[in-house]
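Architecture and fold: a report
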Amino acid sequence: MGAVLGVFSFASWVPCLCGGASCLLCSCCPNTKNSTVTRLIYAFILLLGTLVSCIMLWGGMENQLKKIPGFCEGGFKIKVADIMTDKDCDVLVGYKAVYRITFALAIFFFVFFLLMLKVKTSKDPRAAVHNGFWFFKIAAIVGIMVGSFYIPGGHFTTAWFVIGMVGAFFFILIQLVLLVDFAHSWNESWVNRMEEGNPRLWYAALLSFTSIFYILSIVFVGLLYTYYTRPDGCTENKFFISINLILCVVVSVISIHPKIQEHQPRSGLLQSSVITLYTMYLTWSAMCNEPDRSCNPTLWSIITHMTAPTLAPGNSTAPVPTSTPPSKSGHFLDTDNFIGLIVFVLCLLYSSIRNSNNSQVSKLTLSGSDSVILRDTTTSGAGEEEDGRPRRAVDNETEGVQYSYSVFHLMLCLASLYIMMTLTNWYSPDAKFQSMTSKWPAVWVKISSSWVCLLLHVWTLVAPLVLTSRDFS
């Protein structure tokens, strides 16, 4: 009898699993918009996939992964050239699992990117697929994941690594857009409050945060010069730090130029300070992938060096810390990659709850005010009750979507590739996972992304001067 009741109880959930996002909300959840709920669920799916990938890297999982036929073939002693030590399949089998899991996530979101092209309103039949049928979508992801573990090695690993590098590059740019958009919204909120009352308080807050970001950037630059360069070497690092410092100064000056302020009076140093700090982070992250270990100390060795007492006064100085070879059991995540995951999570959550009206994305893509992405439709309060009960999610996209479905899925696809590169420490594997090396392409991908980030920000500043026929207000 209990089994029968259990079956009927599960059957009552089937309509919810096939329905919209509002069905998945519990009765205690506050009223919200359907567009926000849907994005949060997709973000949760990606975060859950990230968590599963992290679990694959923990000790003990390798014994289970080895049971998959052919998953750990080719021997167990694998040479890691850049650290001159041996790793075994216990370490790299986790990396292979991460490749397979993120492959499934990226393929799923890319298919939805193609499927959701040109969706205008929630009345489009494809919108129902986007906002509902969660049981089948989750089942599809799980199915792709399981099947991906049986993909033969061959050149799949090498090809997927190259795709991952490209995807991660573009997602770094997306992170920049979201960070600038956040700073722009923050600045807009403060300016509005300054106009409403007590301008001195909000002006002081705006000035304080801008100063903090610039001070942190200056400290960052000093630490990079101290610990990631040597008087007789590390020429590339000296170039990266110097050129990015100069570019950040140039961008800051442009942001307060009278001509820029005339066309964009609410753009200023707050956004540029965020860009400067993010650029310094990208510079540090790039140098953390440098193959020359003498120019790439670990964060722990730097902290140890900073906290160690001075050995002797005068000319004697403590040696610059160098990166210590990891143990045979490997490590889970480097510090820069761990910070990268935190930035990724924050940007993902922000993109899921951000209203797209007057966003920085519109300026980067040169979208006009009539763009579907920017259309901010409203719903009447009468629709918030249904059958005498409050609705937990309001369909606010009957007249126009609040965000581009296809662009959102493309962002999640690129985010999946960024996760893959981050969790595998940007190591470059060969076709059969017989070697894992940190190579210069990873360095150049990150450092070039910092230059493109600065270029994109400059374009958002000068675009109103160049394209006078467009409305950027």
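Since the model is a prediction, treat every value here as computed from it, not as a measurement. (Residues numbered from 1 in each chain as written. Predicted model: local features only at pLDDT ≥ 70, side-chain atom pairs only at ≥ 80, totals over all residues. Heavy atoms only, no water.)

Attention now moves to the overall build of the protein chain. Scanning the protein chain from N- to C-terminus turns up 17 helices and eight strands. Across the 473 residues of the protein chain, 47% fall into the buried class. A fraction of 80% describes how many contacts in the protein chain between residues 6 or more apart in sequence connect residues 24 or more apart. (Helix = DSSP H or I, 4+ residues; strand = E, 2+ residues; numbered from the N terminus. Buried < 20%, exposed > 50% of the residue type's maximum accessible area, 1.4 Å probe, protein only. Contact = heavy atoms within 4.5 Å.)

Further remarks concern the pattern of salt bridges. The full count for this structure, using the stated rule, is two salt bridges. The salt bridge partner of Asp124 is Arg126, with a shortest N-O separation of 3.3 Å. Using a relative accessible area of 18% as the deciding quantity, one classes Asp124 as buried. Note that Asp232 and Arg230 form a salt bridge whose closest N and O atoms lie 3.2 Å from each other. (Salt bridge = Lys/Arg side-chain N within 4 Å of Asp/Glu carboxyl O.)

Ranked by size, the top nonpolar core spans 89 residues in total, and within it Tyr42, Leu46 and Phe344 carry the most contacts. Among the elements that make up this core, the one with the highest residue count is helix H16 (residues 405-423) (13 residues). With sequence-adjacent residues up to four places away left out, Tyr42 is seen in contact with Phe108, Phe109, Phe112, Val129, His130, Trp134, Lys137, Phe408, His409 and Leu412. Ala183, Leu206, Phe213 and Leu270 belong to the second largest nonpolar core, which has six residues in total. (Core = buried A, V, L, I, M, F, W, Y, C linked by side-chain atoms within 4.5 Å.)

This part takes up a nonpolar patch on the surface. A contiguous nonpolar patch, built from Phe44, Leu48, Leu51, Ile55 and Trp58 and spanning about 520 Å² of accessible area, is present on the exposed surface. Take Trp58: it is sitting in the loop between helix H3 (34-57) and helix H4 (61-65). (Patch = residues over 30% accessible without salt bridge, like charges linked within 9 Å, V, L, I, M, F, W, Y side chains within 5 Å. Areas by Shrake-Rupley, 256 points an atom, 1.4 Å probe, with all protein chains shown as cover.)

Time to look at helix H14 (residues 335-353). Compared with the 27 Å implied by 1.5 Å per residue over 19 residues, the 28 Å span of H14 between its first and last C-alpha is a close match. Looking at H14, one finds that the buried residues are Asp336, Asn337, Gly340, Leu341, Val343, Phe344, Cys347, Leu348, Tyr350, Ser351 and Ser352. (Expected span 1.5 Å × (residues − 1).)

Turning our attention to the state of the cysteines. Overall, the coordinates contain one disulfide when judged by the stated rule. In this model Cys234 forms its disulfide with Cys295; the gap between the sulfur atoms is 1.9 Å. Of note, the bridge from Cys234 to Cys295 carries an S-S torsion of about -95° and is left-handed in sense. Residue Cys234 is located in the loop between helix H9 (199-227) and helix H10 (235-255), and its partner Cys295 is located in the loop between helix H12 (269-287) and helix H13 (299-307); the two are separated by 61 residues in the primary sequence. (Disulfide = S-S within 2.5 Å.)

It is worth spelling out unusual backbone geometry at this point. Despite not being glycine, Lys118 has its phi angle at roughly 70°, a positive value. Here Lys118 lies in the loop between helix H5 (89-115) and helix H6 (125-131). In this model, Asn425 sits at a positive phi of 60°, which is unusual for a non-glycine residue.

Time to look at the side chain of Thr50. Assignment of secondary structure puts Thr50 in helix H3. Owing to a relative accessible area of 8%, Thr50 belongs among the buried residues under this scheme. Those residues in contact with Thr50 that lie beyond four places of it in its chain are Leu341, Phe344, Ile419 and Leu423.

What follows covers the side chain of Ser285. Residue placement: Ser285 occurs in helix H12. In this structure the side chain of Ser285 is engaged in a polar contact, spanning 2.7 Å, whose partner is the side chain of Lys446. In contact with Ser285, other than residues within four places in its own chain, are Asp336 and Lys446. (Polar contact = N/O pair within 3.5 Å; in protein donor to acceptor, adjacent residues only side chain to side chain.)

Interaxial distance between H3 and helix H7 (residues 134-148) falls to 12 Å at its minimum, and their mutual angle equals 25°. The angle between H3 and H7 places the two elements in the roughly parallel class. Once H3 is placed against H7, the crossing between them reads as right-handed. Only Trp134, Lys137, Ile138 and Ile141 of H7 make contact with H3, whose side of the interface consists of Thr38, Ile41, Tyr42 and Ile45. Looking at the contact of H3 with H7 residue by residue, the classes come out as six nonpolar, one polar and one charged. (Axes fitted to C-alpha atoms, helices over the stretch in contact; angles between N-to-C directions. Parallel < 35°, antiparallel > 145°, perpendicular 65-115°, else oblique. Left-handed = near helix turned anticlockwise from the far one by under 90°. Nonpolar A, V, L, I, M, F, W, Y, C, P; charged D, E, K, R; others polar.)

Moving on, we get to H3. When the terminal C-alpha atoms of H3 are compared, their 35 Å separation across 24 residues agrees well with the 34 Å that a helix rising 1.5 Å per residue should span. The buried fraction of H3 amounts to 17 of the 24 residues, a majority that puts the element mostly inside the structure.

Of the residues in the protein chain, 66% have a pLDDT of 70 or more, and the chain-wide mean is 73. In the model of the protein chain, helix H1 (residues 2-11) stands out as the element of lowest mean pLDDT, 37, in contrast to H10, which has the highest, 93. Here residues 362-391 is a poorly scored stretch, pLDDT under 50, and it has 55 contacts once near neighbours within four places are set aside; other chains count. (pLDDT = per-residue confidence, 0-100.)

With that settled, consider the environment of Ala183. Tracing the backbone shows Ala183 in helix H8 (residues 156-196). Sequence spacing of Ala183 and Gln271 is 88 residues, and the spatial spacing of their C-alpha atoms is 5.4 Å. If near-sequence neighbours (up to four positions away) are discounted, Ala183 is found in contact with Leu270, Gln271 and Val274.

What follows deals with the packing of aromatic side chains. Counting across every chain of the model gives 22 aromatic pairs. Taking the centre distance of 5.7 Å and the plane angle of 85° together, the rings of Phe182 and Tyr350 count as edge-to-face. Taken together, the residues span a long stretch of sequence, with Phe182 in helix H8 and Tyr350 in helix H14 at a distance of 168 residues. With relative accessibility at 40%, the residue Phe182 sits in the partly exposed group. Residue Tyr350 is classed as buried on the basis of its relative accessible area of 16%. On the numbers, 6.3 Å between centres and 55° between planes, the contact of Tyr281 with Trp284 is tilted. Placement of the pair is Tyr281 and Trp284 together in helix H12, with a separation of three residues, close to one helical turn. The pair Tyr281 / Trp284 is uniform in exposure class, with both members buried. Every member of this aromatic cluster is reached through a ring pair, and the members are Tyr42, Phe108, Phe109, Phe112, Trp134, Tyr403, Tyr405 and Phe408. (Phe/Tyr/Trp six-rings, centres within 6.5 Å; stacked < 30°, edge-to-face > 60°.)

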